[in-house]
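Structure assessment
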Amino acid sequence: MILLSPFKAFVFITSPYHRSAALISPSRNLLHLLQLSIAHSSLDLTHQCHSRILSLGFSQNPFLATKLITAYAVCGFPTESQLVFNSLEHKSVHLWNSLINGYVKNQTYGEAFRLFCQMCCSGVFLDDYTLSTLCKVCGEMGDLNTGKLIHGKSVATGFVIDIVVTNSLMSMYCKCGEFRECLKLFGEMPERNATSWNVVIAGYADSGDRNFNKEIIRFVKDMQIEGFKPNGYTVSSLLLLCNDTTEKMDYGRELHGFLVRNELSWGFAGSDIHLGCCLIDMYSRNNKVDVGKRVFDLMKRRNVYVWTAMINGYVQNGVLKEALVLFYEMQVKDGIEPNRVSLLSVLSTCGSLAGLTGGKQIHGYAIRKKLNHDVSLGNALIDMYSKCGNLNYARRVFEDRSFCRDAISWSSLISGYGLHGMGEEAVCLYDRMLQKGNKPDTITVVGVLSACGRSGLVDEGLRIYNSAISEYGIKPTVEICSCLVDMLGRSGKLGLALDFIKTMPMEPGPSVWGALVSASIQHGNLEMQDLAYKFLIRLEPENPSNYVSLSNLHAFSRRWHDVAKVRKIMKERGLRKTPGCSWISINNSTHCFYAADKAHPCSNSIYEMLDGLILLMKGTVHPPDFQFMT
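Residues numbered from 1 in each chain as written. Predicted model: local features only at pLDDT ≥ 70, side-chain atom pairs only at ≥ 80, totals over all residues. Heavy atoms only, no water.

Notes on a nonpolar patch on the surface
A surface patch of nonpolar side chains, amounting to about 370 Å² of accessible area, comprises Leu610, Leu613, Ile614 and Met617. You can see Met617 is positioned in helix H35 (residues 603-618). (Patch = residues over 30% accessible without salt bridge, like charges linked within 9 Å, V, L, I, M, F, W, Y side chains within 5 Å. Areas by Shrake-Rupley, 256 points an atom, 1.4 Å probe, with all protein chains shown as cover. Salt bridge = Lys/Arg side-chain N within 4 Å of Asp/Glu carboxyl O. Helix = DSSP H or I, 4+ residues; strand = E, 2+ residues; numbered from the N terminus.)

Notes on the nonpolar core
Ile100, Met170, Val200, Ile280, Tyr430, Val485 and Leu516 are the most contacted members of the largest nonpolar core, which has 161 residues in total. With near-sequence residues (within four places) excluded, Val485 lies in contact with Ala497, Phe500, Ile501, Val512, Ala515 and Leu516. (Core = buried A, V, L, I, M, F, W, Y, C linked by side-chain atoms within 4.5 Å. Buried < 20%, exposed > 50% of the residue type's maximum accessible area, 1.4 Å probe, protein only. Contact = heavy atoms within 4.5 Å.)

Looking at the pattern of salt bridges
Considering all chains together, one arrives at 16 salt bridges under this definition. The partner of Asp281 in a salt bridge is Arg285, and the shortest N-O contact between them spans 2.9 Å. Of the two residues, Asp281 and Arg285 both sit in helix H17 (residues 273-285), 4 residues apart, roughly one turn of that helix. Residue Asp281 is classed as partly exposed on the basis of its relative accessible area, which comes to 24%. In this structure Arg285 comes out as partly exposed when scored by relative accessible area, which is 24%. The partner of Glu460 in a salt bridge is Arg463, and the shortest N-O contact between them spans 2.7 Å. Placement of the pair is Glu460 and Arg463 together in helix H28 (residues 458-470), with a separation of 3 residues, close to one helical turn. When salt bridges that share partners are traced, they join Arg395, Glu399, Arg405 and Arg432 into one network.

Description of the packing of helix H23 (residues 375-387) against helix H25 (residues 407-419)
As a packed pair, H23 and H25 sit with axes 9 Å apart at the nearest point and diverge in direction by 0°. One finds that H23 runs roughly parallel with respect to H25. Along the contact surface, H23 presents Val375, Asn379, Ile382, Ser386 and Lys387, while H25 presents Ile408, Ser409, Ser412, Leu413, Gly416 and Leu419. (Axes fitted to C-alpha atoms, helices over the stretch in contact; angles between N-to-C directions. Parallel < 35°, antiparallel > 145°, perpendicular 65-115°, else oblique.)

Some thoughts on H25
In this model H25 runs 18 Å from its N-terminal to its C-terminal C-alpha over 13 residues, within 8% of the 18 Å that 1.5 Å per residue would give. Every buried residue belonging to H25 is among Ser409, Trp410, Ser411, Ser412, Leu413, Ile414, Gly416, Tyr417 and Gly418, and all of these are buried. Against H23, helix H24 (391-399), helix H26 (423-435) and helix H27 (442-455) lie the buried residues of H25. (Expected span 1.5 Å × (residues − 1).)

As structure tokens, then:
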């Protein structure tokens, strides 16, 4: 009856049939109703409860005030909570905590710290809840200095020996990148619980060395020796460390077996979905997306996070068509609406497959769901439209007034212009970015230099390179140097390109020599080409493309002995070049083609049309002669 409406809830209190019960304990009924308003985030019911509290003279009741402060905060009105708090004559630590936590829930962290300072100045004794809440805030903000102040306050008040407070401090240090401080606190704890161990394990996963090693294995063993059995949270943290090598993949399989043996994999039966997502992610990161799909299929209940994890797994492994199919099934079969992360994952497939129609549909969906103002989604849309060749749409997303641009936004559009040979537009956009006070980063400089190289804007490229190094303090990376070599090489300045390579502040990588190779081929400089290939093979002895290209160079120069030598090396090392692949989307269907491929069902017609086009380009036939081909 109470759940039907806030009005009927008050009928329950004030009706004649229940008046006697209300008179016995009206505050208890109000507490119940406030809890109901918190559970349903009902601002109307909170207002009605507040009015009833005032009319009954319970405004100074600390229990009702605490619930009322929490209710307003849950409804997104912490300032209303502040008014309730200010009206109280006696403010206990629980009231302070409720108000501080209300601001924290609404991510108004500055106000929460201001209240904490007032609380300390007012002489109220802090408790473990106050300190642990503020530790969490420091971790979320990455504010190490304030976190250390909270740590000092915990030591001064004696709460540093409290398990909850110490666990919160360790978590804060991990999130602020001070894992050693976390380990130090852990070693000083007089008493630990399972959460203490899990915080450190999660810290290992979040630290720079995200790999299984002897130290983490020993730590997990010590946890069990002290009588704490790993739970689902422990395993989910450890799964993040299982990547890159076969040995670490075996650890992942062992953890999967542990979940099954200890009935922790209830996510497959509909309880804890988080573990299922972690397993799918672990297998996908280790190029075992098919095993991740088996985990996905075994799960009895799947929410948007599970579907997104599986879609992202396909994207990571380059199985783009399956990712799009799964994105469709998520909405049609399970009726689950995609979230922002789902859209980000599938947008990358549209860009890679040049699926402009699908990208537009996702853009339209984002607008309908009011997700298009998100910066990361806007950047993904710019990138997708650029890769699909529609720079006008990319520019419209970029110029939208409701879109808050960041460095990635500028870089994405600049790179898009460069990708399509619109160097002048890229340079103008780069200069506009600088005029608005945005500093370039390495990715931005790479994008604009690449655009200059494709458009032959050597002078502009050199100006941008010099200003980026001297004025903005950007260190020349291998990628930046590769762009400069490519730019000089494309314009025919091969000597300058080689001189620049010799003066580079770091060892030239394959991309640098590869750029010189391309330029040498373009301008027919066989000597420079031969030199660049020798360095390429020295740097990438297992890359078959380099050997094939070098063999072709020797064949062009009629050095058959050298051709045989290169082919022999490839045979001895078991190197074989993977054929290049291209694709095109027609009527929502993607067609893939390989060199000399005849697997396509329409290959005869395709080659017939190609032969006709070749004859047309040579000028040996007129267009009407092959118009009959389809």
